Amino acid sequence: KKLRIAIPSTAVFLFALILSQQIWQAHKASSSTSLKQNMDAGFETLSLKFYKIFPISVFMKYADARSFQNGIKDYTKNTQRFKFNAWKKNDDSKEVYVVVIGETSRADHWEINGYNRNTNPLLAKEKNLVSFSDVASCGNLTSFCVPLLLTGLPPEKFNDYANHKSFLTAFKEAGFYTVWLSNQNTVNLGLPYPSDADSLVSLHTSFDYSNGYDEKLLPLLDNVLALNKPKILIVMHTLGSHFRYNYRYPKSFEKFTPAFRENVDYGLMNKSNLPTIINTYDNSILYTDYILSSVIKRLKKIETPASMLYISDHGENLCDDSRELFYHGSGYATKWETQVPFLVWYSDFYKQKDVINNLNKNKNKKISAVSFFPTVLGVAGIHYKGENPVLNLGDSNYFSPKVRMIINMDMKPVKYIN
């Protein structure tokens, strides 16, 4: 009887002790963050550690998988009659469109957006590249931003995302073969949209895995491009610059030094380590430059109308003001968490010259990530019920929104503050 009481009591005590340690480390990273943020950060770190421990990891992954499958069932049921009524003008030529969804990348650390470091040595050389300079994401968490990027819903209608199909469905309606290639945590994010693709491949293991580089998606991309399909859409969901930054790139991309190399805990994310933090973060941007350039290189080889569109889901705090904030997901989204890179590359065989002209005309205007959805479809020449040319950056009628909205941590839409 004493053992039956002592064993669970000891387990609870040890769990509480370990969790308290993680929360304290998160608190040391930024003393101005709220208790809830510190607890969330502590739980995240602890769960990542448990994911490595057998057999606990087996039960955790099983629970995630069951939850994910149940979410897909509900989504399938709720959207079974949903249609975009999408169509594309008859054209027998082969077309390929690649959509790359990045992670935790802020626009002001990109050389092609004016950053004073050489973080985009490859993209800076591309002649058919349009980079938009003033883009606000729809929030500061992946679970908020990606559903809105995929569905085209504004932050004010975020709660409706599970009843709304993504642009993959619109491409399928227009006759495209669709593929989702992921190095991201699709299961834990609860995203049902990848299940809409004709083919889904996920390589993700853990954010805490030091060898899960995004380049592992490139051989999968090669396989898809080799398929005998006339029209293809490929979505690549990357890990980008998600913390821990040094886990996002191989050592050969350690250009900015000193940089972190080993396991970086929350306690090291403080102002005293800021130069090392920024160097490590910028190395991850440098690696993203390589990934995107590798995609472009492959699209050039197929010598067909093709385009690549890239956007990051949200940005990152890097001790930018007196609050000394780090990471993303702060209680009230900062501009550094919501200023994101957004670019479009098109091949020499891409035929829609008017779209190219409009993209260049609009590249320095104020843009909301709400425009990503209509721009992806517009670049591909796909029309659909309810399309709004005012939101499409490839349309001559694009108009900058007077107010850009974002989803805050309390799930309420608020005005974006530039």
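The rules we used
- Residues numbered from 1 in each chain as written.
- Predicted model: local features only at pLDDT ≥ 70, side-chain atom pairs only at ≥ 80, totals over all residues.
- Heavy atoms only, no water.
- Helix = DSSP H or I, 4+ residues; strand = E, 2+ residues; numbered from the N terminus.
- Buried < 20%, exposed > 50% of the residue type's maximum accessible area, 1.4 Å probe, protein only.
- Contact = heavy atoms within 4.5 Å.
- Areas by Shrake-Rupley, 256 points an atom, 1.4 Å probe, with all protein chains shown as cover.
- Core = buried A, V, L, I, M, F, W, Y, C linked by side-chain atoms within 4.5 Å.
- Lys, Arg positive; Asp, Glu negative; His and termini not counted.
- Salt bridge = Lys/Arg side-chain N within 4 Å of Asp/Glu carboxyl O.
- Pairing = 2+ DSSP bridges.
- Axes fitted to C-alpha atoms, helices over the stretch in contact; angles between N-to-C directions.

Tallying secondary structure elements over the chain gives eleven helices and 15 strands in all. For the chain, with 418 residues in total, the buried portion stands at 54%. Of the contacts made within the chain by residues no fewer than 6 positions apart, 73% connect residues no fewer than 24 positions apart. Total accessible area computed for the chain in this model is approximately 18,900 Å², and 55% of it derives from carbon and sulfur atoms.

In terms of nonpolar packing, the biggest core is built from 53 residues, with Phe132, Phe167, Phe171 and Phe372 touching the most fellow members. If we ignore the near neighbours within four places in the chain, the residues touching phenylalanine 132 are Asn113, Phe342, Leu343, Val344, Leu359, Asn362, Lys363, Ile367 and Leu393. With 40 residues, the next largest nonpolar core counts Val98, Leu220, Val224 and Phe243 among its residues.

Attention now goes to the side chain of aspartate 289. Within the element layout of this structure, aspartate 289 appears in helix α8 (residues 274-301). An unpaired buried charge is present at aspartate 289: no salt bridge exists, and lysine 255, the closest side chain of opposite charge, is 8.7 Å distant. Apart from residues no more than four positions distant in its own chain, aspartate 289 is found in contact with Thr119, Asn120, Pro121, Leu122 and Leu123.

Before going further, it helps to examine the pairing of strand β11 (residues 342-346). Where a strand is regular, its side chains alternate between the two sheet faces. For β11, the buried fraction is high: five of the five residues fall into the buried class. Every second residue of β11 is oriented toward a common face, with Phe342, Val344 and Tyr346 on one face and Leu343 and Trp345 on the other, all of them buried. Judged from the four bridges that link them, strand β3 (residues 129-132) and β11 form a sheet pairing that is antiparallel. Paired with leucine 129 across the strands is tryptophan 345, a residue of β11.

A word on the environment of valine 98. Looking at the element boundaries, valine 98 is found in strand β2 (residues 95-102). If we ignore the near neighbours within four places in the chain, the residues touching valine 98 are Leu221, Ile234, Met236, Val295, Leu299, Ser307, Met308 and Leu309.

Before going further, it helps to spend a moment on the sheet that holds β11. An order of β3-β11-β8-β2-β7-β5-β6 is seen for the seven strands of this open sheet, with the pairing classed as mixed. A strand with exactly one partner marks an edge of an open sheet, and here the two such strands are β3 and β6 (199-202). With direction set aside, neighbouring strand axes in the sheet form an average angle of 10°. Bridging between strand β8 (residues 306-312) and β11 involves five bridges; their strand directions are antiparallel. Each residue of the ladder has a partner; that of methionine 308, found in β11, is tryptophan 345. Most of the contacts of helix α7 (residues 218-225) go to strand β7 (residues 231-237), to which it runs at about 170°, and overall it touches β2, β5 (177-182), β6 and β7. Against the sheet, helix α10 (residues 353-362) contacts β3 and β11, and its axis sits at roughly 35° relative to β3.

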